[in-house]
Amino acid sequence: MTNSHHVNEIHPVPSGPLEAVRLRSQHLADPLAVDTAHPVFSWVPTGPGGDQTAYQLLVAGDPESLTPGGADLWDSGRVAGDQVNGVAYQGRPLTSGQRYWWTVRLWGADGAPGPWASPATFETGLLGQEEWHAKWIAAEAGISSPLLRTEFEVPGRVRRARAHVAALGYYEMRLNGQRVGDHVLDPAPTDYDHDPGLVDGEGEAARITGPRVLYSTYDITDLVVGGADGAAALNAVGLVLGHGWYSGEDDLGPKPFHRTPLGDRPAALLQIEIELDDARRLTVVSDGDWHTAPGPVLYNDYVHGERHDARRELPGWDRPGFAGGPEWRPVTVRPAPAGTLRAQLVEPIRVIETRAAQRTVSDRDGRRVVDFGQHVSGWTRIRVSGPAGAEVTVQHAGEVDDTGALDPSANLAPWMPARQTDVYVLRGSSAGAGEQEVWEPRFTLHGFRYAEVSVSDPEVTVHEIEARVVHSDVEMPGEFHCSDEMLERIHANVVWSLRASLQGFPQDAADRAERVGWLGDPGWTIEDYLYGFDALGFWLKWLDDLAGAQLPNGRFPIVCPIAWRGRLADSLPEEILDQMDEEGEDFTKIFWPYMDKPDFTMSTYPSIVWNLYRFYGDRSILQAHYGRMRRGLDFMRSRADDFIIEEGWGDHMEPQPDGTCSIDPKRTPIALTSTAWFHAVATMVADTAETIGAHGDAIRYRELAESIRTAFNKRFFDPATGRYATGSQTAQALSLWLGLVPAEHRDRVVRALIEEIRDRDGGRLNTGTMGTAALQHVLSEVGAADVMYEIATQPAYPGWAYQVANGATTLWETWGGDMHYSRNMKLMASIEKFLYNDVAGLAPAAPGWRRIKVKPALTHRMTAASARVRTVRGDAVVDWRAEDGVLRMDLEVPATSVAEVWLPLSSHAETPVLTAGEDLVWTPDGLADGARSRGVRSARRAAEHVVIEVAGGLHTLTLTTKGVRR
C-alpha cells in the first residue's frame, strides 16, 4: 500500500492444508549453543484458516533420518492440541557439541495431516560445566584493553569448527587476521560473581543465589585453516578485551555510581572445538600458554568513552607466525568466577544501522557540530586523514544551545555524568598524510543526536562522520500508522527510546551514566514493548538475571544486573544530599540494590512473566518462574501491616506546576501505590497458579488478594465521592487498572477520574511513570478513549506532544525536559498499548493471541489507522479507513486464530449494512446467507457496534451507514 497511514503489506493466505513455518528452537532460529537437556520448540501455523488439532514433531541426528519411524532422537507421535510453542524435547539424551535436525507437521480441523515443515536445526553447546577445559586468562592489572593471543596447528581438513567465548567484561575475537562474528558489547551483562561486600536493604551481608556468565558460540569452520597432504596448518587466535560492566578505569568516581566493579581487570575464556574430515577432534583452549600485550585502546569506559592510539596498533598480531616483541608476556590465569557458564540464548547486540549526518549545525573555533536528526544509542564512525599523532575528539550529546554549540548538560548531570567522548590518535602514513583512516570504538556506548568533532592539528581532515545505531538485534515487526501526525510522531519517539533500551537488559538512560536495568517501569511498560518487538529471548534472559539476583527471602534488587552496590549516601554530591535532606528521607540508611521500594522491586518480575504468557501463550514460562513469583509475594506479605504496605517509591517523576518533575510523588500516597501493586502481584500469582494447575495455591492467593482489596478500600476509598485518597489521576486510575474498585462503585470512580483530568487538570495528565501506565490501560477500558487521545495530543506541558513540539525525537526522562535529565529514556513509554489497542484497534483476547479483539475506538476522530503485530500464530493486521459514513477495514487474522471485530456505529445510525468483499454478510435483520463462506462465523449488534467473529485469513469488511462519524 502506498498511503503512509497503512501497514506495508497484508500477506496472501497460502492455499492447502495447515503447514508450520518460522520454526524456532529455544526461541531462536537455528541456534548454535542450546545448553539445556530439554529445549523448547515453536512454529507458526499457516494455511487457509481453521484450528490446529494436533502436531507431530521429529528430531534426528542427520537430515536423512528425519522421517516417521526413522527419527533416531525423538518422534513425538501425533499429539492432540493447538499448542504452537513451549513444546519441550522429550527424546533421547542430547550430547554436547552436536547438530540436530527437526521438523513438525500439523493436523487441521478436517483431520488430515499437512506437509512436513522445512527442517530447522539446533546445536548443543557445552551441556555440563565439567566439559569446559579452558582457563580464565587476563593481562596484568592496569592495562585498559589488552590483546591476548595464541597459535595452534590443525593437522587435517576441517569439517566443522565452533568457538565458545565468554568474558568478564567485553571481548572481540580475531582468527587468522579476521574478526569473528558481528556481535558488539558481548557478552550481555549478568551478575558474574559473588560480591563479598553485598548487603541487603538493612545493610546486612547478602549473597545472590544464581550468578551467571554468558558465552557466545560462533561457527568458525570457514576461518580455520586445515592441513593438507600430511602437513599441519598453523592458525592464530586472538582476543581484545574491554572493561564492560565487570571492571573499570581509575576514574569511575565514588561508588556505587556509575557502577561498582566486581573485578580489577577484564578476563576471557575461550574453547574451540574442531572436527576433522577423518573424525578426529581437536580442542583449543585459553590457558597459561597464551601471551598478552597492551593494545591501542588506552582507555575504555562504557559511558565515558574510548581513547584509541592507532600508532600503537600491532599489524599481524592476530595472524599465524607473528613475531611479538618484549611487550608480549605470558597471560595471568585467573580464578574462575562463581557464575555458572550458560549459553547466550538471546539476540546479540549488533550495529543495527548507520545514519549519515543530516546537517552541520556549527563550525567554528576548530569545533564542528553535526546533527544526525535522531537521538540514538550507539557511537560514531569517522573517516579522517592527517599526520601521525594528531588527535580527533568526538563528543556526543542530545542537545545544542542557541549558538549551535554542543550542550552536554543532560549527560554531564552532577549525579551520574557520562562524558561520552572518544579520542582517536592518527596512525599517519609513510605514503603521505592523505591516506584515510576509518575508526569506531569497541567498548563504549553513547546516547546522542549531535556530535562535536575537534582536531588537534589543522592538517587533519575529517572526511566523514556517521552515527552507528547499536542495540540488541531483536526483530522489530510491529507497525503502527494513523492519520494523526502527532500520534505518529509520538509513536516514533517511543520506538526509538525502546530500541535504545535494548542492551542485553532493559537499560535506563541512553545518555547519562544511569545505564542500569531499573526494575519498576519495565513491569508496567512490558506491553508497550511486546506490540512492536518480537523479543521473547531478550526478556527471558532478564528474567533469569532477576531470578539469580533474588535473595533467599524473596527480595528482588531495584537494578539488575546488580551494577550498583553500597550505601547510597556515599556516592551523592553534597547539593543532592542537601536537597534530599529537605525532603525528609535519611539517605544514610539506604543501601543499593535491595532498597525498600516494593512497588518497583517486587512487581516487575511477576508482571513480565504474566504478560509474556499473555502474549506468547507459553505455559513453560509460568512453570519456570512460578516458584520465585510465589517467594516474592511472600516477601511482600512480610512487609505489610494489616495488608497495607507503607514503603515504596510511588508515582516517580510526577509533573509539578513549575515545569519540573518530582522524584517522589506529591499527589498520591506511596502506601496507596505500593498496596495496589501488592494486590496486583497476589492476583498475578493466583492466576499463574490456576493456569499451571496449582489449584490449592490459586485459592489461597485469591483469598490474600481479596484481603488486600478489602484493606485497601477501607484505608483509601471514600464511597461518597468515588475518590481514592487525594483523588489524583494516579490514585483513581491505578485503583481501576489493578482491580481494586468494588463493582458497585466503578462508574463513580470512573467519573471522578475523568472529572480530575478534564476539570481539575485542564485535560492534561498529571501522572508519573506508573500513573501514566494506568491511564492508558483504564481510559479505553471504561469507554473514554477520547480522553486518552486528548491527553496524548494536547501540546501543553506535561505530555508527549509537548516534547515533540519542543524538538524531541525520543522520550525524555521528565515531562518538561529538565536539562540535567536524560534525553532518551523509556520511563514514559506507556502509550503504545493505546495506539495499538484503541487507535488501530488490535489487541489479544486470549493467551498467545488465540483470540483477537479488533475494536478501533477513534474512527470518529481520525480517517485512518493501521497496525501489525507479530504473534506466535502469525501476523495480526488491521487497516481501517473512515470517510463519509463508510468504514472500510482490511484484516489479516493468523490461520489458527479467531478475531472478534467491533465495528462502531453511532447511536442514530440508519440501516447499517456490512459486506465482506462484494458479499453482504450482515444487516439489522441478522447474518446474511453465505456469510460463513466468507469466514464470518457470527454477527450481532451490541449497542453502538456491529460485532462479528471471523476465522483466520484475509478479510475486507465495509460497514456502510449514516451517522457513523459523530
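Residues numbered from 1 in each chain as written. Predicted model: local features only at pLDDT ≥ 70, side-chain atom pairs only at ≥ 80, totals over all residues. Heavy atoms only, no water.

- For the chain, the name recorded in an unreviewed UniProt entry is alpha-L-rhamnosidase, with Thermomonospora echinospora as its organism.
- One UniProt comment on the chain, placed under Catalytic activity (unreviewed entry), says "Hydrolysis of terminal non-reducing alpha-L-rhamnose residues in alpha-L-rhamnosides." (UniProt positions renumbered as here; feature names shortened; annotations may be inferred.)

## Quick notes on the overall build of the chain
And step 1. Secondary structure summary: the chain contains 15 helices and 52 strands in total.
And step 2. Against the compact-globule benchmark of 30 Å for 966 residues, the chain has a radius of gyration of 29 Å, which places it among compact chains.
And step 3. With the C-alpha coordinates of the chain rotated into their principal frame, the extents come out at 90 × 75 × 55 Å.
And step 4. For the chain, the share of sequence-separated contacts (at least 6 apart) that also reach a separation of at least 24 residues comes to 75%.
And step 5. A distance of 3 Å separates the average location of the 93 positive side-chain charges in the chain from that of its 133 negative side-chain charges. (Helix = DSSP H or I, 4+ residues; strand = E, 2+ residues; numbered from the N terminus. Rg over C-alpha atoms; globule rule 2.2 N^0.38 Å. Contact = heavy atoms within 4.5 Å. Lys, Arg positive; Asp, Glu negative; His and termini not counted. Charge placed at Lys NZ, Arg CZ, Asp CG, Glu CD.)

## Observations concerning the UniProt feature "domain: Bacterial alpha-L-rhamnosidase N-terminal" (unreviewed entry) in the chain
And step 1. In the numbering adopted here, UniProt assigns the feature "domain: Bacterial alpha-L-rhamnosidase N-terminal" (unreviewed entry) to residues 157–194 and 212–353.
And step 2. The distance separating the terminal C-alpha atoms of residues 157–194 is 43 Å; by composition the span is 0% helix and 50% strand.
And step 3. Its end C-alpha atoms 30 Å apart, residues 212–353 is made of 0% helix and 43% strand.

## Brief notes about helix α1 (residues 485–501)
And step 1. For α1, with 17 residues, the first-to-last C-alpha span of 25 Å sits near the 24 Å given by 1.5 Å per residue.
And step 2. Residues Leu-487, Ile-490, His-491, Asn-493, Val-494, Trp-496, Ser-497, Leu-498, Arg-499, Ala-500 and Ser-501 constitute the buried set of α1.
And step 3. Structurally, the start of α1 carries an N-cap: the backbone nitrogen of Met-486 is 3.0 Å from a side-chain oxygen of Asp-484. (Expected span 1.5 Å × (residues − 1). Buried < 20%, exposed > 50% of the residue type's maximum accessible area, 1.4 Å probe, protein only. Polar contact = N/O pair within 3.5 Å; in protein donor to acceptor, adjacent residues only side chain to side chain.)

## Comments concerning the nonpolar core
Across soluble globular proteins, nonpolar side chains show a tendency to be buried alongside one another.
And step 1. Counting 230 residues, the largest nonpolar core has Trp-43 and Trp-800 as the members making the most contacts within it.
And step 2. In contact with Trp-800, other than residues within four places in its own chain, are Ile-490, Leu-765, Thr-772, Met-788, Ile-791, Ala-792, Leu-811, Trp-815, Met-828, Ser-830 and Ile-831.
And step 3. By size, the runner-up hydrophobic cluster in this structure holds 28 residues, among which are Ile-137, Leu-148, Met-173 and Ile-220. (Core = buried A, V, L, I, M, F, W, Y, C linked by side-chain atoms within 4.5 Å.)

## A look at the pattern of salt bridges
And step 1. Tallying each qualifying case throughout the model produces 72 salt bridges.
And step 2. Glu-466 serves as the salt-bridge partner of Arg-381, at 2.9 Å between the closest nitrogen and oxygen. Of this pair, Arg-381 sits in strand β26 (residues 367–385) while Glu-466 is found in strand β33 (residues 461–472), placing the two residues 85 residues apart along the sequence.
And step 3. Taking relative accessible area as the criterion, Glu-466 reaches 14% and is therefore assigned buried.
And step 4. Measuring nitrogen to oxygen at the nearest pair gives 2.9 Å for the salt bridge that ties Asp-687 to Arg-702. Separated by 15 residues along the polypeptide, Asp-687 in helix α8 (residues 670–692) and Arg-702 in helix α9 (residues 695–716) bring together distant segments of the chain.
And step 5. Owing to a relative accessible area of 22%, Asp-687 belongs among the partly exposed residues under this scheme.
And step 6. Residues participating in the shared-partner salt-bridge network are Arg-22, Arg-24, Glu-475, Glu-479, Asp-534, Arg-868, Arg-870, Asp-875 and Glu-892. (Salt bridge = Lys/Arg side-chain N within 4 Å of Asp/Glu carboxyl O.)

## Comments concerning the packing of helix α3 (residues 536–549) against helix α6 (residues 604–616)
And step 1. Running from N to C, α3 and α6 point in directions that differ by 150°, and their axes come no closer than 11 Å. As the angle between them shows, α3 and α6 are arranged roughly antiparallel. At the point where α3 passes α6, the crossing takes the left-handed sense. On the side of α3, the interface is formed by Leu-536, Trp-539, Leu-540, Trp-542, Leu-543, Leu-546 and Ala-547, while α6 contributes Thr-604, Tyr-605, Ile-608, Val-609, Leu-612 and Tyr-616.
And step 2. In the contact of α3 with α6, the residues fall into twelve nonpolar, one polar and no charged. (Axes fitted to C-alpha atoms, helices over the stretch in contact; angles between N-to-C directions. Parallel < 35°, antiparallel > 145°, perpendicular 65-115°, else oblique. Left-handed = near helix turned anticlockwise from the far one by under 90°. Nonpolar A, V, L, I, M, F, W, Y, C, P; charged D, E, K, R; others polar.)

## Some details on the domain arrangement of the chain
And step 1. Annotation of the chain at the domain level lists domain 1 (19–124), domain 2 (132–297 + 314–343), domain 3 (349–472), domain 4 (479–558 + 593–839) and domain 5 (851–960).
And step 2. A C-alpha centroid distance of 56 Å is found between domain 2 and domain 5. (Domains from an automatic or database assignment.)

## Looking at the packing of α8 against helix α10 (residues 729–737)
And step 1. Across the interface, α8 lies against α10 with an axial gap of 10 Å and an inter-helix angle of 10°. Considering the angle they form, α8 stands roughly parallel to α10. In this structure, α8 contributes Leu-672, Thr-673, Ala-676 and Trp-677 to the contact, and α10 contributes Thr-730, Ala-731, Leu-734 and Trp-737.

## Let's talk about the packing of aromatic side chains
And step 1. Enumeration according to the criterion identifies 38 aromatic pairs in this entry.
And step 2. Between Phe-372 and Phe-448, the ring centres sit 5.8 Å apart and the planes meet at 80°, which makes this aromatic pair edge-to-face. Here the residue Phe-372 occupies a position in strand β26, and Phe-448 occupies one in strand β32 (residues 446–455), the gap between them amounting to 76 residues.
And step 3. Classification of Phe-372 as buried rests on a relative accessible area of 1%.
And step 4. Judged by relative accessible area, which is 0%, Phe-448 ranks as buried.
And step 5. Between Phe-480 and Tyr-836, the ring centres sit 6.1 Å apart and the planes meet at 50°, which makes this aromatic pair tilted. One end of the pair, Phe-480, is in strand β34 (residues 479–482); the other, Tyr-836, is in helix α15 (residues 832–840), with 356 residues separating them in the sequence.
And step 6. Residue classification places Phe-480 among the buried residues on the basis of a relative accessible area of 3%.
And step 7. Exposure remark for Tyr-836: the relative accessible area of 1% places this residue in the buried category.
And step 8. Here the aromatic cluster, defined as three or more aromatic residues joined through ring pairs, consists of Trp-518, Trp-524, Trp-564, Trp-592, Phe-600, Trp-649, Trp-677 and Trp-737. (Phe/Tyr/Trp six-rings, centres within 6.5 Å; stacked < 30°, edge-to-face > 60°.)

## Section: the side chain of Thr-221
And step 1. By the element assignment, Thr-221 lies in the loop between β14 (212–219) and β15 (233–242).
And step 2. Taking relative accessible area as the criterion, Thr-221 reaches 18% and is therefore assigned buried.
And step 3. A polar side-chain atom of Thr-221 sits 3.3 Å from a polar atom in the side chain of Arg-162.
And step 4. Separated by 2.7 Å, the side chains of Thr-221 and Asp-219 make a polar contact.
And step 5. Sequence-distant contacts of Thr-221, defined by excluding residues within four places in its chain, comprise Val-158, Arg-159, Arg-160, Ala-161 and Arg-162.

## Some remarks on unusual backbone geometry
And step 1. A cis amide bond, omega 0°, links Cys-560 with the succeeding residue Pro-561.
And step 2. Along the chain, Pro-561 turns up in the loop between α3 and β35 (566–567).
And step 3. In this structure, the amide linkage connecting Tyr-797 to the following residue, Pro-798, adopts the cis form with an omega of -5°.
And step 4. Relative to the assigned elements, Pro-798 resides in the loop between α13 (785–793) and α14 (800–805).
And step 5. Phi is positive for Gln-26, which is not a glycine, with a value near 50°.
And step 6. Residue placement: Gln-26 occurs in the loop between β1 (19–25) and β2 (40–46).
And step 7. For Gln-420, which is not a glycine, the phi torsion comes out positive at approximately 50°.
And step 8. Mapped onto the elements of the fold, Gln-420 is located in the loop between β29 (406–407) and β30 (421–425).

## Points about the sheet that holds strand β42 (residues 851–854)
And step 1. Spatially, the five strands line up as an open sheet ordered β41-β42-β46-β51-β50, and their pairing is mixed. Whereas interior strands pair on both sides, the edge strands pair on one side only; in this sheet they are β41 (842–844) and β50 (936–942). For this sheet, the mean angle separating the axes of adjacent strands, direction not counted, is 20°.
And step 2. Bridge count for strand β46 (residues 898–904) against strand β51 (residues 945–950) is six bridges, and the pairing is antiparallel. Looking at the pairing, Val-901 lines up with Ile-948 of β51. (Pairing = 2+ DSSP bridges.)

## A word on the pairing of strand β16 (residues 267–276)
And step 1. Counting buried residues along β16, nine of its ten residues qualify, which places the element largely inside the surrounding structure.
And step 2. In this sheet, β16 lies alongside strand β11 (residues 158–168) in antiparallel orientation, the contact comprising ten bridges. The residue of β16 that forms the bridge with Val-158 is Leu-276.
And step 3. Pairing of β16 with strand β17 (residues 281–285) involves five bridges; the strand directions are antiparallel. Of the residues in β17, the one forming a bridge with Gln-271 is Val-285.
And step 4. If you look at the hairpin formed by β16 and β17, you'll find four residues sitting between the two strands, and Ala-279 has a positive phi there, around 80°.

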